[in-house]
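# Per-entry structural report
Chain residues, written in single-letter form:
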Amino acid sequence: MWAIARTELKKTIQDKGLWFWTFVLPVIFIVAFVAIFSGDESQSYKEVVTQIIPGYTIMFAFFIMISMVIAFVKDRERGMVARIASTPLSIHHYFFGKWLPFIIIVLIQIAVLFGFGVVVYDLPLGNPLALILLSLSLAFIVTGWGMAMAVIVRTENMGIALTQILALGGALLGGLWMPVEFMPEVVQNISKALPQYWALQGYKEVILSNGGMADIWLNVLILVLAGVAGGIIALLSYPRFLRQSRS
Amino acid sequence: MISVENINKQYGSVQALDSISFKIEEGTCFGLVGPNGAGKSTLMKILSGILLNFNGDIQVREWKVSKDRLKIKQQIGYIPQEICLEDTLTAQDNLILFGNLYGLKGKALQLRIDEVLDQIGLKDRAKDKVITFSGGMKRRLNIGCALLHKPSIIIMDEPTVGIDPQSRNSIFSIIHQLKAEGSTIIYSSHYMEEVEQLCDSIGLIDKGQLMEIGRMEELLEKYAMPSLFISGDNIETEMLQRFGKVESKGNGYLLNSDDPLLTLEKLVTYCREHRIEPRRLELYHPRLEDIFFNLTGTQLRDA
């Protein structure tokens, strides 16, 4: 398991695209949108940065799914899935080894983007434990869904397209681009079915209202359950994924 | 002893393997031959523990695959047809990955990596990224990754596809070395001459069924005795039929008879008397392909 995790991490670090999607582009978006919306008199500066920084952090966290899709589909097309299945490594350890580096990358991404927010925009962080728990839950759900998507999709392009629908559609409907309160009631109801909504509401609770663990437990539970569902789908889809692997 | 007992595998309505049973003596090289879609790869995947959903059982020494899958996997080194390497990592990193997957660590792993790199002739390229390797070097590293844990059974699925003759020879010498060390090798290939050259016994598979199994000499004796090959401008089937059973082969004919040498003598006399000058007239030693043809009525290469 650790061998798979180490190898995946080494490979992933070399991927320049990942660095761009994970760190460079989110920073550009945050800078641009804070500049645009900080002149808005209807919202305080604190509300603006609390909407934009966690919002874009959540949105770009979902883009890790692209890297996961590429990693799994490549494994399948090169026959690595079948090759690893011929070794004594169990399926659970294979998935854990593949998953671990991506969860680390998402956690680093959240830390870097929030750190950027603190240094540049004086973003308050609230209760650190609640913030860490929420961030772990966010990293868990995006990588859990990423794993499910990576195992299910037939091609890289299909995975990239679906990720964009999930990340951008979820960002729009989940209130990452503008507060859900400004949206029609129907959309507000839809947004409650999206993990993006629960992640953002959790961060707002911690940052704006100084919320603690007791205030975000439902958000954490929903994110973790959604992540577990992704993991179960990935495990159940593994036999088909293995059959499709070259060998 | 590896014992394969009544293996059946179905993909939807397609019967990929139909009641396959055979035994392989330890320390021998067993060749699996058949056209594309015959069921070779499915059988190789089952033998290497990749495909788990099948009927029947496989026994390796005292272990049964249904009960002792992990113990059997530890004994097997699988060399797939695809080159399963991490291109962006070094040869050493790839070997570490596969060594770790078989439970090798630390100094013991490094020692084995050095030995394997020496064995596959890549010691001076250990720190280079695989992406910079030639096809032959990648194939050798692909083999090396399966040898780290010193498996007693090595399963090779078309290990020489798409490489130059020099690399092929290099792979052959690795295989000969493994044979000399007493490894059991299960070898699948489209190249008949490779199977003839390397394998002690051969299994012929077609449409999911094991048509025949045996040592090369036994199969030849049973299905394809030496015959005569003749070609030339005035050579016709009617003329040859008086000497034995005739079948066309390439640009000439194969003449089968109980005593090819005697038939050769008679044919030479006949040609002299009738002033026929064959372009080629020779004893023809049948190959694996001929055995397969005699068994199935189809050519291996275009089946």
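This structure is a prediction, so every number in the text was calculated from the model and none was measured.

### Details of the overall build of chain A
The helix and strand inventory of chain A stands at 11 helices and 0 strands. Listing every helix and strand of chain A by position from the N terminus yields α-α-α-α-α-α-α-α-α-α-α. Relative to a compact globule of 247 residues, whose C-alpha radius of gyration would be 18 Å, chain A shows 18 Å and is just as compact. Seen through its principal axes, chain A has C-alpha atoms that stretch 60 × 35 × 30 Å. Here chain A holds 247 residues, and the buried ones make up 54% of them. Once local pairs closer than 6 in sequence are excluded, the contacts in chain A between residues at least 24 apart make up 81%. When the accessible surface of chain A is summed, it comes to about 10,400 Å², and 71% of that surface belongs to carbon and sulfur atoms. With 16 positive and 13 negative side-chain charges, chain A shows a spacing of 21 Å between the two charge centroids.

### As for the UniProt feature "domain: ABC transporter" (unreviewed entry) in chain B
Under the UniProt annotation, "domain: ABC transporter" (unreviewed entry) lies at residues 2-232 of chain B. The distance from the first to the last C-alpha atom of residues 2-232 of chain B is 49 Å, and the span holds 36% helix and 29% strand.

### Here's the deal with the environment of G214 of chain B
Residue and element names in this part refer to chain B. With respect to the secondary-structure elements, G214 resides in strand β10 (residues 209-215). For G214, a relative accessible area of 9% corresponds to the buried category. Sequence-wise, G214 and G31 are 183 residues apart; in three dimensions their C-alpha atoms are separated by 9.9 Å. Residues contacting G214, with those up to four places away along its chain left out, are S201, I202 and L219.

### Comments concerning the nonpolar core
Ranked by internal contacts, the top residues of the largest apolar core, which has 155 residues, are Y94 and L138 of chain A together with I58, L141 and Y187 of chain B. For this core, the leading source of residues is helix α6 (residues 91-121) of chain A, giving 12 residues. In this view, L141 of chain B contacts L85, A91, L95, I120, L122, V130 and F133 of chain B; residues no more than four positions away in its chain are not counted. By size, the runner-up hydrophobic cluster in this structure holds 12 residues, among which are M239, L240, Y270 and C271 of chain B.

### A word on helix α7 (residues 128-152) of chain A
For α7 of chain A, built from 25 residues, the straight-helix expectation of 36 Å at 1.5 Å per residue is met to within 8% by its first-to-last C-alpha distance of 36 Å. Put simply, N127 of chain A is the residue that caps the front of α7 of chain A, since its side-chain oxygen is 2.9 Å from the backbone nitrogen of L129 of chain A.

### Details of the interface of chain B and chain A
The interface is formed by 28 residues belonging to chain B together with 25 residues belonging to chain A. Across the chain B/chain A interface, buried area totals approximately 2,400 Å², and carbon plus sulfur atoms make up 59% of it. For the pair chain B and chain A, the interface holds 4 salt bridges. E82 of chain B is the salt-bridge partner of R246 of chain A, the closest N and O atoms lying 3.2 Å from each other. Across the chain B-chain A interface, the total number found is 9 residue pairs in polar contact (both at pLDDT 80 or more). Broken down by element, the side of chain B that touches chain A gets its largest block of residues, 5 residues, from helix α3 (residues 91-101) of chain B. Across the side of chain B that touches chain A, the residue classes tally to 15 nonpolar, 6 polar and 7 charged.

### Section: the UniProt feature "transmembrane region" (unreviewed entry) in chain A
All names here are of chain A. The UniProt feature table records "transmembrane region" (unreviewed entry) at residues 18-39, 51-73, 99-123, 129-153, 160-180 and 216-238. For residues 51-73, the end-to-end C-alpha separation is 35 Å, with 91% helix and 0% strand making up the annotated structure. Counted over residues 160-180, helix gives 67% and strand 0%. Its end C-alpha atoms are 26 Å apart.

### Observations regarding the pattern of salt bridges
Residue and element names in this part refer to chain B. Summed over all chains, the structure comprises 21 salt bridges over all chains. For R215, the salt bridge is made with E217, and the minimal N-O distance between the two is 3.9 Å. For R215, a relative accessible area of 38% puts it in the partly exposed group. Among the salt bridges present, the one from R279 reaches D233, with a minimum N-O distance of 3.3 Å. Separated by 46 residues along the polypeptide, R279 in the loop between α10 (260-273) and β14 (280-284) and D233 in the loop between β11 (227-231) and α9 (237-241) bring together distant segments of the chain. In this structure, R279 and D233 share a single accessibility class: exposed.

### A word on the packing of aromatic side chains
Residue and element names in this part refer to chain A. Applying the stated rule across the entire model yields 22 aromatic pairs over all chains. For the pair W19 and F23, a centre-to-centre distance of 5.5 Å together with 35° between the ring planes defines the contact as tilted. In this pair, W19 and F23 are both assigned in helix α2 (residues 16-37), 4 residues apart and thus about one turn of the helix distant. Accessibility expressed as a relative area gives 14% for F23, which makes it buried. With centroids separated by 6.3 Å and ring planes inclined at 55°, the aromatic side chains of Y94 and Y238 adopt a geometry described as tilted. One end of the pair, Y94, is in helix α6; the other, Y238, is in helix α11 (residues 213-244), with 144 residues separating them in the sequence. For Y94, a relative accessible area of 3% gives the class buried. For Y238, a relative accessible area of 7% puts it in the buried group.

### Considerations on the sheet that holds strand β1 (residues 2-11) of chain B
All names here are of chain B. Read from one edge of the open sheet, 4 strands run β2-β1-β4-β5, paired in antiparallel fashion. The outermost strands of the open sheet, each flanked by one partner alone, are β2 (14-24) and β5 (63-64). Pairing analysis gives 5 bridges linking β1 to strand β4 (residues 55-60), with the strands arranged antiparallel. Across the sheet, V4 pairs through a bridge with I58, a residue of β4. On top of the sheet, helix α1 (residues 40-47) reaches β1, β2 and β4; it is set at about 60° to β2, its chief contact.

### Some points on the packing of α3 of chain B against helix α5 (residues 135-147) of chain B
Residue and element names in this part refer to chain B. Look at α3 against α5: their axes get within 8 Å of each other, and the N-to-C directions meet at 30°. The orientation of α3 with respect to α5, classified from their angle, is roughly parallel. Between α3 and α5 lies a crossing of right-handed hand. Together, A91, N94, L95 and F98 of α3 and L141, G144 and C145 of α5 make up the contact between the two elements. When grouped by side-chain class, the residues that make up the contact of α3 with α5 number 5 nonpolar, 2 polar and no charged.

About the cut-offs
Residues numbered from 1 in each chain as written. Chains lettered and ligands numbered in written order. Predicted model: local features only at pLDDT ≥ 70, side-chain atom pairs only at ≥ 80, totals over all residues. Heavy atoms only, no water. Helix = DSSP H or I, 4+ residues; strand = E, 2+ residues; numbered from the N terminus. Rg over C-alpha atoms; globule rule 2.2 N^0.38 Å. Buried < 20%, exposed > 50% of the residue type's maximum accessible area, 1.4 Å probe, protein only. Contact = heavy atoms within 4.5 Å. Areas by Shrake-Rupley, 256 points an atom, 1.4 Å probe, with all protein chains shown as cover. Lys, Arg positive; Asp, Glu negative; His and termini not counted. Charge placed at Lys NZ, Arg CZ, Asp CG, Glu CD. UniProt positions renumbered as here; feature names shortened; annotations may be inferred. Core = buried A, V, L, I, M, F, W, Y, C linked by side-chain atoms within 4.5 Å. Expected span 1.5 Å × (residues − 1). Polar contact = N/O pair within 3.5 Å; in protein donor to acceptor, adjacent residues only side chain to side chain. Buried area = accessible area lost by both parts, 1.4 Å probe. Salt bridge = Lys/Arg side-chain N within 4 Å of Asp/Glu carboxyl O. Nonpolar A, V, L, I, M, F, W, Y, C, P; charged D, E, K, R; others polar. Phe/Tyr/Trp six-rings, centres within 6.5 Å; stacked < 30°, edge-to-face > 60°. Pairing = 2+ DSSP bridges. Axes fitted to C-alpha atoms, helices over the stretch in contact; angles between N-to-C directions. Parallel < 35°, antiparallel > 145°, perpendicular 65-115°, else oblique. Left-handed = near helix turned anticlockwise from the far one by under 90°.

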